[in-house]
Amino acid sequence: MLKILVCVKQVPDVDQMRMDPATGNLIRAGVPAILNPLDANALSAAVKVKETYGGEITLITMGPPAAEAVLRECLAVGADKAILVTDRAFGNADTLATSYSIVSAANTQDKYDLIFCGKETLDGATGQMGSQLAERFNAAQVTSASLIKEIDLEKGKLIVERELETGIETLEVSMPCLFTMEKTNYPVRIPSLKGKLAAKKAPVVTITSQDIPGLDKQRIGDPGSPTKVPRMFPPVMPEPGVILDEGGLDATVSKLLELIKE
Ligand SMILES: Cc1cc2nc3c(=O)[nH]c(=O)nc-3n(C[C@H](O)[C@H](O)[C@H](O)COP(=O)(O)OP(=O)(O)OC[C@H]3O[C@@H](n4cnc5c(N)ncnc54)[C@H](O)[C@@H]3O)c2cc1C
């Protein structure tokens, strides 16, 4: 049976977030938390694979206890079970510590053939997690994957398309494999009433730092995070440009020369 892991993150709805210009801190109060949009597309891709080839979908998220809400939301559209990685010791983690914590937690539960991530998040938006997770899972990786075309379960191989600026690239990859997903071919699924009811009862395993045998405490949270953020500030917006139109080419060029001389 295909074992599928989908990595999802609860993010603040950044459209509604503002920065305090005095402190440089983000004002999170009153900002709703949502499922990272591209993770919803990654989940759709995983559900499509499960519908076509069978399998079991496990979700994983690292975040505060409230992140269970996004797990329940994802369970309602076809995932089978979920892992919530939560502990104050995991807080203040940069991407390096986050990927170490997520993989350490996931490995306590199972081994996975396919791992789906979004291409990037709405808030951190580093796009680093996919590659780091693939490395730590010792899995092949396909970034910007747009279509899982075919899976040969016997050979453990897949044909996958990825979106490049110059066109579509087709790859053959072996399992285990991690994808960071584009949204192109996998629209977000809407949960049915039956799905919502099932999600309420679906198992969510909570994993703290105490539950992971051999976890190196120096590699999680603040001690495990070499990235420091000394300051955050809104970008200085450039002054708007001027569009010259003096009613004709010669007149406009003359005006331009005049302005340059000035
Ligand atoms: C110094 C520092 C301190 C930080 N402290 C905190 C903190 O205290 N609390 C906090 O929430 N963040 C904190 N962050 C941000 C945190 O490091 C990032 O949220 C996290 O590493 C993911 O990076 P990203 O959002 O850029 O993900 P990307 O690389 O853009 O995400 C790609 C994909 O990876 C998967 N993914 C990403 N994050 C998670 C996750 N948490 N669980 C499951 N799957 C995931 C999703 O599928 C996502 O679509 C801190 C960052 C720094 C640099």
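So, here is what we can say about the structure in this document. Everything quoted here is computed from the prediction, not taken from an experiment. (Residues numbered from 1 in each chain as written. Predicted model: local features only at pLDDT ≥ 70, side-chain atom pairs only at ≥ 80, totals over all residues.)

This part is about the packing of helix α3 (residues 95–107) against helix α4 (residues 129–137). As a packed pair, α3 and α4 sit with axes 9 Å apart at the nearest point and diverge in direction by 45°. Classified by the angle between their axes, α3 and α4 sit oblique to one another. Like other packed secondary-structure pairs, α3 and α4 cross with a definite hand, here right-handed. Across the interface between the two elements, Thr 95, Leu 96, Thr 98, Ser 99, Tyr 100, Ile 102 and Val 103 from α3 touch Met 129, Gln 132, Leu 133, Arg 136 and Phe 137 from α4. Looking at the contact of α3 with α4 residue by residue, the classes come out as 7 nonpolar, 4 polar and 1 charged. (Axes fitted to C-alpha atoms, helices over the stretch in contact; angles between N-to-C directions. Helix = DSSP H or I, 4+ residues; strand = E, 2+ residues; numbered from the N terminus. Parallel < 35°, antiparallel > 145°, perpendicular 65-115°, else oblique. Left-handed = near helix turned anticlockwise from the far one by under 90°. Contact = placed C-beta atoms within 7 Å. Nonpolar A, V, L, I, M, F, W, Y, C, P; charged D, E, K, R; others polar.)

In the neighbourhood of the ligand, 34 residues make up the surrounding shell, with Cys 117, Gly 118, Gly 124, Thr 126 and Met 129 lying closest. Sorting the residues of the shell around the ligand by element identifies α1 (37–53), β6 (56–62), α3, β8 (114–118) and α4 as the ones contributing at least two each. Residues of the shell around the ligand, tallied by class, amount to 12 nonpolar, 16 polar and 6 charged. (Near = placed C-beta within 6 Å.)

This part takes up unusual backbone geometry. The omega torsion of the bond from Met 175 to Pro 176 falls at 0°, within 30 degrees of zero and hence cis. One can find Pro 176 in the loop between β11 (167–174) and β12 (177–181). Phi at Ala 125 takes a positive value of approximately 55°, unusual for a residue other than glycine. Position of Ala 125 relative to the elements: it lies in the loop between β8 and α4. Classification of Ala 125 by C-beta neighbours within 10 Å gives exposed; the count is 12. (Buried ≥ 20, exposed ≤ 12 C-beta atoms within 10 Å, placed from the backbone.)

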